[in-house]
Amino acid sequence: MLGNDHTAYGLRDGKLLYIKDVQRGLACDCVCASCGQPLIAKKGALRRHHFAHFEITDCRGAAESILHRLSKELLAGLESLMVPPYNFIKKRKSKVGTLVEHEARVAKGGLVRVDSVRVEEVEEGFVPDIIIESDSKSLIVEVAVTHKVSRTKLRRIRKRDLPAIEIRLDPNDAFLPRDDLKAKLQSDLDSKVWLFHPAQREEERKFFSKETLIYSVSSARRWRQDEKMLEG
């Protein structure tokens, strides 16, 4: 099995080139998109064609660097994007031990038309991977390979109050040809997860109201029981 330092893309003159489009060995004239070290194109008969570092290195981020860079490039060229429906689900035990649950559909999902795209523009203290503009509305798109969106970034997304999804890719996706990766980014719903939608705020309020009500009812019951014990 090939490691995370092996991919099917090498960087030449600022452009990512697919393995089939370059010459074998050092003649590929490519460097690693993560560490900048020279690559060799291995195009043998037994193993999957791939780029490898020419010299021994501790670089392990090539697949992630390539997928982030390539995904932003491909997403910026889309005319539409399929997004999944979003069912807001929250559950936890209350202070009195009762399980509180709430579920509601906050986004129906479907095909989002892409009118324009902004790549890595600063938004109130954080940098989204992509912002898609569609019919005067905005959608944040984050790309995750080995690291999901951090809690800090998620808090800032919530503060910005824009809907946001995360596309979760596998390091092996760095072997997909451009057209196949583009198709996955555009149409695959299993790889997309909702991070936030402004409509969930009302559902969060309803959940906390349920939690408060359950606590109040339970407290009242305990108070009545205590009163009966004192009276007895």
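Worth saying up front: this structure is predicted, and the values here are computed from it rather than measured.

Definitions and limits used
Residue indices begin from 1 for each chain and proceed along its sequence in written order. Where totals are concerned, whole chains, interfaces and linings use all residues; where local detail is concerned, this predicted model gives features only for residues with pLDDT of at least 70, and gives and counts side-chain atom pairs only at 80 or more. Note: side-chain values were computed over all heavy atoms of the structure, leaving out hydrogens and water. Put simply, DSSP H or I for four residues or longer makes a helix, DSSP E for two residues or longer makes a strand, and each gets a number counted from the N terminus. For this analysis, residues touch if any pair of their heavy atoms sits within 4.5 Å. Only the protein chains shown count as cover for residues, and all accessible areas are computed by the Shrake-Rupley method using a 1.4 Å probe. By this definition, two strands are paired if DSSP reports at least two bridges between them. Lines are fitted to the C-alpha atoms to define the axes, a helix being fitted only along its stretch in contact, and any angle between axes, read from their N-to-C directions, falls within 0 to 180 degrees. Counting of polar contacts relies on pairs of N or O atoms within 3.5 Å, with two restrictions inside protein: one atom must be capable of donating a hydrogen and the other of accepting it, and residues adjacent in sequence are counted only when both atoms are side-chain atoms. For every residue, the accessible area obtained with a 1.4 Å probe (protein chains only) is divided by the maximum for its type, and the residue is called buried under 20%, exposed over 50%, and partly exposed between those limits. Put simply, two rings from Phe, Tyr or Trp (the six-membered ring, in Trp's case) pair if the centres are within 6.5 Å, and we call them stacked under 30 degrees between planes, edge-to-face over 60, tilted for the rest. Whether a charge sits over a ring depends on NZ of Lys or CZ of Arg being within 6 Å of the ring centre and within 35 degrees of the ring normal.

A. Summary view of the overall build of the chain. A count of helices and strands for the chain gives four helices and 13 strands. Of all intrachain contacts in the chain linking residues separated by at least 6 positions in sequence, the fraction that spans at least 24 positions is 61%. For the chain, the accessible surface area stands at approximately 13600 Å², while carbon and sulfur atoms represent 49% of it.

B. Fine view of the sheet that holds strand β13 (residues 192-196). If you trace the five strands from one edge of the open sheet to the other, you get β9-β10-β11-β12-β13, paired in mixed fashion. Two strands close off the open sheet at either side, each with one partner strand: β9 (116-119) and β13. Each neighbouring strand pair of the sheet contributes to a mean axis angle of 25 degrees, computed without reference to strand direction. Where strand β12 (residues 164-168) lies against β13, four bridges are found, and the strand directions are antiparallel. Note that in β13 the partner of Ala164 across the bridge is Phe196. Helix α1 (residues 62-76) contacts β9, β10 (130-134), β11 (137-144) and β12 of the sheet and is inclined by roughly 155 degrees relative to β11.

C. Local environment of the environment of Thr57. Examined against the element boundaries, Thr57 turns out to sit in the loop between β4 (50-53) and α1. Residues Thr57 and Gln37, 20 residues apart in the sequence, show an inter-C-alpha distance of 8.7 Å. One polar contact links the side chain of Thr57 to the main-chain amide nitrogen of Cys59, over a distance of 3.1 Å.

D. Region of the structure containing the side chain of Glu123. You can see Glu123 is positioned in the loop between β9 and β10. Taking relative accessible area as the criterion, Glu123 reaches 7% and is therefore assigned buried. Sequence-distant contacts of Glu123, that is, excluding residues within four places in its chain, are made with Arg118, Pro128, Ile131 and Arg160.

E. Representation of the packing of aromatic side chains. According to the stated counting rule, one finds three aromatic pairs in the structure shown. When the ring of Tyr9 is compared with that of Tyr18, the centres are 5.2 Å apart and the planes differ by 50 degrees; the resulting orientation is tilted. Here Tyr9 matches Tyr18 in class, with each residue buried. Ring plane angle 5 degrees and centroid distance 5.5 Å describe the contact between Tyr86 and Trp194, whose orientation is recorded as stacked. Residue Tyr86 is found in strand β6 (residues 86-93), and its partner Trp194 is found in strand β13; the two are separated by 108 residues along the sequence. Judged by its relative accessible area of 13%, Trp194 falls in the buried class. Positioned above the aromatic ring of Phe175, the side-chain terminus of Arg48 is 3.7 Å from the ring centre.

F. Main features of the pairing of strand β1 (residues 9-12). Strand direction decides the pairing type here: β1 and strand β2 (residues 15-18), joined by four bridges, are antiparallel. Bridge assignment links Tyr9 to a residue of β2, and that residue is Tyr18. Counting the residues in the hairpin turn of β1 and β2 gives two residues, including Asp13, whose phi is positive at 55 degrees.

G. Spatial organisation of unusual backbone geometry. The phi dihedral of Asp29 falls on the positive side, at around 60 degrees, and the residue is not glycine. If you trace the backbone, Asp29 turns up in the loop between β2 and β3 (39-42). Taking the relative accessible area as the measure of exposure, Asp29 reaches 55% and is therefore exposed. The phi dihedral of Glu120 is positive, around 50 degrees, even though this residue is not glycine. For Glu120, the position within the fold is in the loop between β9 and β10. Residue classification places Glu120 among the partly exposed residues on the basis of a relative accessible area of 44%.

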